[in-house]
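Tertiary structure, described
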Amino acid sequence: MLNVKNLSFSYSKTPVLSHISFQAQKGENLAIIGESGSGKSTLLKTIYGEYDIDEGEIFWNDKAVLGPKFNLVVGYDFMKYLTQEFDLMPPLSVEDNIGKFLSNFYPEEKKKRTAELIKVVELSAFAKNKVKTLSGGQKQRVALARALAKEPEILLLDEPFSHIDNFKKQSLRRNVFKYLKDKNITCIVATHDKDDVLGFADTMIVLHENKIIAKDTPESLYHNPTTALIASFFEQYNLIDNSLVYAHQLRIVSKSTKNAQVVTSYFKGRYFLIEALYNNNTVFIEHHEKLKPGTAIYLDISK
Ligand SMILES: Nc1ncnc2c1ncn2[C@@H]1O[C@H](COP(=O)(O)OP(=O)(O)OP(=O)(O)O)[C@@H](O)[C@H]1O
């Protein structure tokens, strides 16, 4: 189990993380979300032991994770950290980059494991290619496979799918998170993307102004977003009579006391997002058809 107790950290005088406490169980998928600059990467780096923290303690089971002041070589065997920079060996092939982290003692086993990992990240067709000839997204997939290679007990992932195109992203996420669950590897994922969280994370932590402002299951936070920041992570939302209402919970009806005027319509695939003015405020509504600017509409909330 990962146990982060009362962690505080600042790069200089300004605090970046303040009194952060949480736990992650073995095999748990825990997502850390928050705006850009909220400290997600910094939190991963402190968990990895990259910095000396100002206050608090970090434990993996009964082993304390220490910063460079107390642990000269940063990192531990039980933990892998996939940074946003990848740290690959460009002149080597995809399979050599991954195989480098596996033991040479059983060559057949090594070959099999390398092929298995290359399959997880869907790069079988590129196994023999040199990493320097790959695209940014392909490099990120090699880095993911490499982080998985040694089957760490805990894996820290910083925006793990950020460079991967939408065509590949969905299946890759499923492959990687299923692999981690199957192997019972604890995983902490820092992300902006709700699709990295919904359907995969067991728990979600929201960082804001140096602190944890919410920690719960994604389902619970989705259904009861306590702040606008949390609602905005999931979907387009509105603040109506001091209550957070997702765009899909606002419906256009034939008559109600809430009258609004259409500003514009955005095609979103399975629906149109209607932008309208209600009580001089902009509101967004999911609707099945495009509406002309200026159309008078009536709104109803159905939660
Ligand atoms: N090496 C550093 N030295 C000084 N300040 C830093 C350093 N790295 C990050 N910061 C600052 O710490 C704060 C948190 O940064 P961090 O990278 O942890 O945020 P983040 O939530 O991961 O952001 P993003 O989503 O954009 O990656 C920011 O204000 C950033 O400017």
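This one's a predicted model, so the numbers in the text were calculated from it and none came from an experiment. All residue numbers here refer to positions counted from 1 along the written sequence of the relevant chain. Per-residue local features are limited, in this predicted model, to residues with pLDDT of at least 70; the limit for side-chain atom pairs, both in listing and counting, is 80 or more; totals at the level of whole chains, interfaces and linings are taken over all residues.

1. Considerations on the environment of aspartate 62
Counting from the N terminus, the helices are the DSSP runs of H or I reaching at least four residues and the strands are the DSSP runs of E reaching at least two. Along the chain, aspartate 62 turns up in the loop between β4 (55-60) and β5 (63-64). Take aspartate 62: there are 7 C-beta atoms within 10 Å of it, and that puts it in the exposed class. Aspartate 62 sits 203 residues away from serine 265 along the chain, and the two C-alpha atoms are 56 Å apart. Between the buried cut of 20 or more and the exposed cut of 12 or fewer other C-beta atoms within 10 Å of a residue's own C-beta lies the partly exposed class, and all C-beta atoms are placed from the backbone.

2. Considering the nonpolar core
Core analysis: the biggest nonpolar cluster contains 76 residues, and Ile32, Ile47, Ala145, Leu156 and Ile188 have the highest contact counts within it. Sort the elements by how many residues they give to this core and helix α4 (residues 136-149) lands first, with 7 residues. A domain-level breakdown of this core finds at least three residues from each of domain 1 (2-227) and domain 2 (235-301). Residue pairs qualify as contacts under a 7 Å threshold applied to their C-beta atoms, which are placed from the backbone. Sequence-distant contacts of alanine 145, defined by excluding residues within four places in its chain, comprise Ile98, Leu117, Ile118, Val120 and Val121. A set of buried residues qualifies as a nonpolar core if it consists of Ala, Val, Leu, Ile, Met, Phe, Trp, Tyr and Cys joined through C-beta atoms within 7 Å. Reported domain spans reflect what an automatic or database domain assignment gives.

3. Thoughts on helix α5 (residues 166-182)
To estimate how far a helix should reach, multiply one less than its number of residues by 1.5 Å. Compared with an ideal rise of 1.5 Å per residue, which puts 17 residues at 24 Å, α5 spans 25 Å between its outermost C-alpha atoms and is within 8% of the ideal. The sharpest bend along α5 comes to roughly 25°, located at leucine 172. Among the residues making up α5, those that are buried are Leu172, Val176, Tyr179 and Leu180. Here the buried face of α5 lies against β3 (29-34), α3 (107-120), α4, β7 (154-158) and β8 (186-191). Values of bend correspond, residue by residue, to the angle between axes fitted over the seven residues ending at that residue and the seven starting there.

4. Quick notes on unusual backbone geometry
The phi torsion at asparagine 6 lies on the positive side, around 55°, for a residue other than glycine. Of note, asparagine 6 is situated in strand β1 (residues 2-10). Phi is positive for glutamate 159, close to 45°, though the residue is something other than glycine. Its place among the elements puts glutamate 159 in the loop between β7 and α5.

5. Remarks on the site of the ligand
Inspection of the region around the ligand gives Tyr11, Val16, Gly34, Ser36, Gly37, Ser38, Gly39, Lys40, Ser41 and Thr42 as its neighbouring residues. Among the elements that take part in the shell around the ligand, helix α1 (residues 40-48) stands out by supplying 3 residues, more than any other. For the shell around the ligand, the residue count by class is 2 nonpolar, 7 polar and 1 charged. Each residue gets a C-beta atom placed from its backbone. If that atom is within 6 Å of a molecule or strand, the residue is near it. Each residue receives one of three labels: charged for Asp, Glu, Lys and Arg, nonpolar for Ala, Val, Leu, Ile, Met, Phe, Trp, Tyr, Cys and Pro, and polar for the others, Gly being one of them.

6. With respect to the confidence of the model for the chain
Low-pLDDT stretches of the model should not have their predicted coordinates read in fine detail. Values of pLDDT, which run from 0 to 100, indicate the predictor's confidence residue by residue. Per-residue pLDDT for the chain averages 94, and the proportion of residues at 70 or more is 100%. Of the two predicted TM-score estimates for the complex, the pTM is 0.91 and the ipTM is 0.97.

7. Remarks on the sheet that holds strand β9 (residues 203-208)
In space, the 6 strands of this open sheet follow the order β6-β7-β8-β3-β9-β10, with mixed pairing throughout. The open sheet terminates on both sides in strands that have one partner only, identified here as β6 (79-82) and β10 (211-216). Recorded for the sheet is a direction-independent mean angle of 15° between the axes of neighbouring strands. A pair of strands counts as paired when DSSP detects no fewer than two bridges linking them. As judged from the 5 bridges shared by β3 and β9, these two strands associate in the parallel manner. Orientation is described by axes fitted as lines to C-alpha atoms, over the contacting stretch for helices, and by angles from 0 to 180 degrees between their N-to-C directions.

8. Looking at the sheet that holds β5
Taking strand neighbours across the sheet as the criterion, the 4 strands line up as β2-β1-β4-β5 in an open arrangement whose pairing is antiparallel. Edge positions in the sheet fall to β2 (15-24) and β5, since each has one partner strand and no second. Both β1 and β2 contribute to a ladder of 6 bridges, which runs antiparallel. For phenylalanine 9, the partnering residue across the bridge sits in β2 and is leucine 17. The sheet contacts of α1 involve β1, β2 and β4, and relative to β2 the element is tilted by about 65°.

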